[in-house]
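Structural description and commentary
Chain by chain, the residues:
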Amino acid sequence: MRDISPDARPFFAILFSSLKERALHRFAVLGFDLAILIVMALVLIGSVLAMGGHIRLIQASVLLPMSCMAAALFMRVKRQPESWREDFKHILRDWVPFLFVVFIYENMHDVAGQVMDFDFAKYLSVWDAAIFGVEPTIWAQKIFTPVLTDLFSISYGMYFALPLFMMFLLSLWGRWFDFRNMALCLTLVFIMGFLGYVFLPASPPRYFIEQLYTDPPKLYGLFLFNRLQGAWDGLSVISGGAFPSLHVGISTVALIYAFKFRRDSWKCRVIWYAYIPLVLSLWFSTVYLRHHWVIDIAAGWLVAGVGYFIAGPMMNAWMALRRRYDLPF
């Protein structure tokens, strides 16, 4: 194979430099969160179509982030009608990544079922029992009551609302940097969770050891749990999506940022104190309701911590890129 001639080297150097500048400029414009999600969505679409699946465009789970986006825009326009165009661009950019997150989640079913053909739950159940001396979801039968089941079902269903409520306030207050820092952290946590679902598929306890539950064999509530469980089953399109627990990961992110902002104002302090029992209850509900192994909870804490510590440097890098290309933030 012939070496590249000396005359050709400057051409390739210029070409590489040009491509690098284009890529960096795209990252500066889009932001790391949106750029990563767009690439992941395109790869997912190609994978699903190659496997003969079909793309799910709009699902009910998209309503919550869209409602938050619409509410934030309405409140900002009501307060400052003269700057609604600028606010619209900011708010749209801020909330669009969550639409991609929902889209990716809703379309991972076909891919997650094809990449790995084993169930990681067989190891998780053994580890849980070895650590605690008893499988924790089986132990939780001792405290079962229909009222408690309904209460924990409410806690379990709040996992996405907790961070979105805080981000709604940040958006309303015009704290763009804090909003995007938290949004980037959540994006990273979702991506790590999605990768776990694909490469380490694990069934939840209520499916994997269903035959071991005796008191009661199936959970029930007074009036709320059965309806919520049906809704969760309808939205849970990823088979084997227990490890890591994104319910724990996402709620942990909400708790981290509530702690981070707790001294900013009395409102932030109230959120911090309110989130402590709400998040702790949510974590326990994942075991009580038989949705997760305790190892899933630890993995959720881990991805939340990793996402938080990576988001900071990535935000600083994004800011530096925007300054480099003289882009407003």
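Refer to the structure printed above.
What counts, and at which threshold
- Residues numbered from 1 in each chain as written.
- Predicted model: local features only at pLDDT ≥ 70, side-chain atom pairs only at ≥ 80, totals over all residues.
- Heavy atoms only, no water.
- Helix = DSSP H or I, 4+ residues; strand = E, 2+ residues; numbered from the N terminus.
- Buried < 20%, exposed > 50% of the residue type's maximum accessible area, 1.4 Å probe, protein only.
- Contact = heavy atoms within 4.5 Å.
- Areas by Shrake-Rupley, 256 points an atom, 1.4 Å probe, with all protein chains shown as cover.
- Expected span 1.5 Å × (residues − 1).
- Bend = angle between axes of the 7 residues up to and from the residue.
- Patch = residues over 30% accessible without salt bridge, like charges linked within 9 Å, V, L, I, M, F, W, Y side chains within 5 Å.
- Salt bridge = Lys/Arg side-chain N within 4 Å of Asp/Glu carboxyl O.
- Phe/Tyr/Trp six-rings, centres within 6.5 Å; stacked < 30°, edge-to-face > 60°.
- Lys NZ or Arg CZ within 6 Å of the ring centre and 35° of its normal.
- Axes fitted to C-alpha atoms, helices over the stretch in contact; angles between N-to-C directions.
- Parallel < 35°, antiparallel > 145°, perpendicular 65-115°, else oblique.
- Left-handed = near helix turned anticlockwise from the far one by under 90°.
- Nonpolar A, V, L, I, M, F, W, Y, C, P; charged D, E, K, R; others polar.

What about the overall build of the protein chain?
Helix and strand counts for the protein chain stand at 15 helices and zero strands. For the protein chain, the proportion of its 329 residues judged to be buried stands at 47%. In the protein chain, once contacts between residues fewer than 6 apart in sequence are set aside, the share between residues at least 24 apart is 86%. Of the roughly 16,900 Å² of accessible surface on the protein chain, a fraction of 68% belongs to carbon and sulfur atoms.

Topic: the side chain of Gln-141
The topology assignment puts Gln-141 in the loop between α7 (136-139) and α8 (146-156). With residues up to four places along the chain from it excluded, the contact list for Gln-141 reads Tyr-213, Thr-214, Asp-215, Pro-216 and Arg-290.

Comments concerning helix α14 (residues 266-288)
The end-to-end C-alpha distance of α14 is 33 Å, a good match for the 33 Å that 23 residues give at a rise of 1.5 Å each. The sharpest bend along α14 measures roughly 30° and falls at Tyr-275, with the proline Pro-277 sitting one to four residues further on. Among all positions of α14, only Cys-268, Ile-271, Trp-272, Tyr-275, Val-279, Leu-282, Trp-283, Ser-285, Thr-286, Val-287 and Tyr-288 are buried. In this structure, the buried residues of α14 make contact with α7, α8, α9 (161-172), α13 (246-260) and α15 (294-324). Residue Arg-290 follows α14 closely and has a positive phi angle near 70°.

Concerning a nonpolar patch on the surface
Where nonpolar side chains cluster on the molecular surface, the patch consists of Tyr-123, Val-126, Trp-127, Ile-131, Phe-132, Val-134, Trp-139, Ile-143 and Phe-284 and spans about 820 Å² of accessible area. Here the nonpolar patch gets five residues from one element, more than from any other, and that element is helix α6 (residues 121-132). Tracing the backbone shows Val-126 in helix α6.

So, the environment of Ala-298
Locating Ala-298 in the fold gives a position in helix α15. Sequence separation between Ala-298 and Phe-243 is 55 residues, and the spatial gap between their C-alpha atoms is 9.6 Å.

Some thoughts on α15
The periodicity of an α-helix, 3.6 residues per turn, causes residues three or four places apart in sequence to face the same way. When the terminal C-alpha atoms of α15 are compared, their 45 Å separation across 31 residues agrees well with the 45 Å that a helix rising 1.5 Å per residue should span. The largest bend along α15 measures about 25° and falls at Ala-311, with the proline Pro-313 one to four residues further on.

Considerations on unusual backbone geometry
Following Asp-215, the chain continues into Pro-216 via a peptide bond in cis, with omega recorded as 5°. Here Pro-216 lies in the loop between α11 (205-208) and α12 (225-235). Located in the positive-phi region is Arg-290, a residue other than glycine, with phi close to 70°. Residue position: Arg-290 is located in the loop between α14 and α15.

Side note on the pattern of salt bridges
Taken as a whole and assessed by the stated rule, the structure comprises two salt bridges. When the shortest N-O distance is used, the salt bridge between Asp-264 and Arg-175 registers 2.6 Å. Of this pair, Asp-264 sits in the loop between α13 and α14 while Arg-175 is found in the loop between α9 and α10 (176-199), placing the two residues 89 residues apart along the sequence. Connected via shared salt-bridge partners are Arg-175, Asp-178 and Asp-264.

A word on the packing of aromatic side chains
One pass over the structure, following the stated rule, counts 19 aromatic pairs. Residues Trp-95 and Phe-98 carry aromatic rings whose centres are separated by 5.7 Å and whose planes lie at 45° to one another, so their mutual orientation is tilted. Here Trp-95 pairs with Phe-98, and both are found in helix α4 (residues 84-106), just three residues apart, close to one helical turn. Note on accessibility: Trp-95 and Phe-98 belong to one class, buried. Here the aromatic rings of Phe-120 and Tyr-123 are separated by 5.9 Å at their centres, their planes lie at 50°, and the arrangement is tilted. Since its relative accessible area comes to 40%, Tyr-123 is described here as partly exposed. Grouped by ring-pair contacts, the aromatic residues Trp-95, Phe-98, Tyr-159, Phe-160, Phe-179, Phe-190 and Phe-194 constitute a single cluster. Across the ring face of Phe-261, the terminal group of Arg-175 is positioned such that the distance to the ring centre comes to 4.9 Å. The cationic tip of Arg-290 hangs over the ring face of Tyr-213; the distance from NZ or CZ to the ring centre is 3.9 Å.

Let's talk about the packing of α8 against α14
Taken N-terminus to C-terminus, the directions of α8 and α14 make an angle of 120°; their axes are 8 Å apart at the nearest point. Between α8 and α14, the angle falls in the class oblique. Regarding α8 and α14, the two cross each other, and that crossing is left-handed. For the pair α8 and α14, the contacting residues are Leu-148, Thr-149, Phe-152, Ser-155 and Tyr-156 in the first and Ser-281, Leu-282, Phe-284, Ser-285, Thr-286 and Tyr-288 in the second. Its residues placed into classes, the contact of α8 with α14 shows six nonpolar, five polar and no charged.

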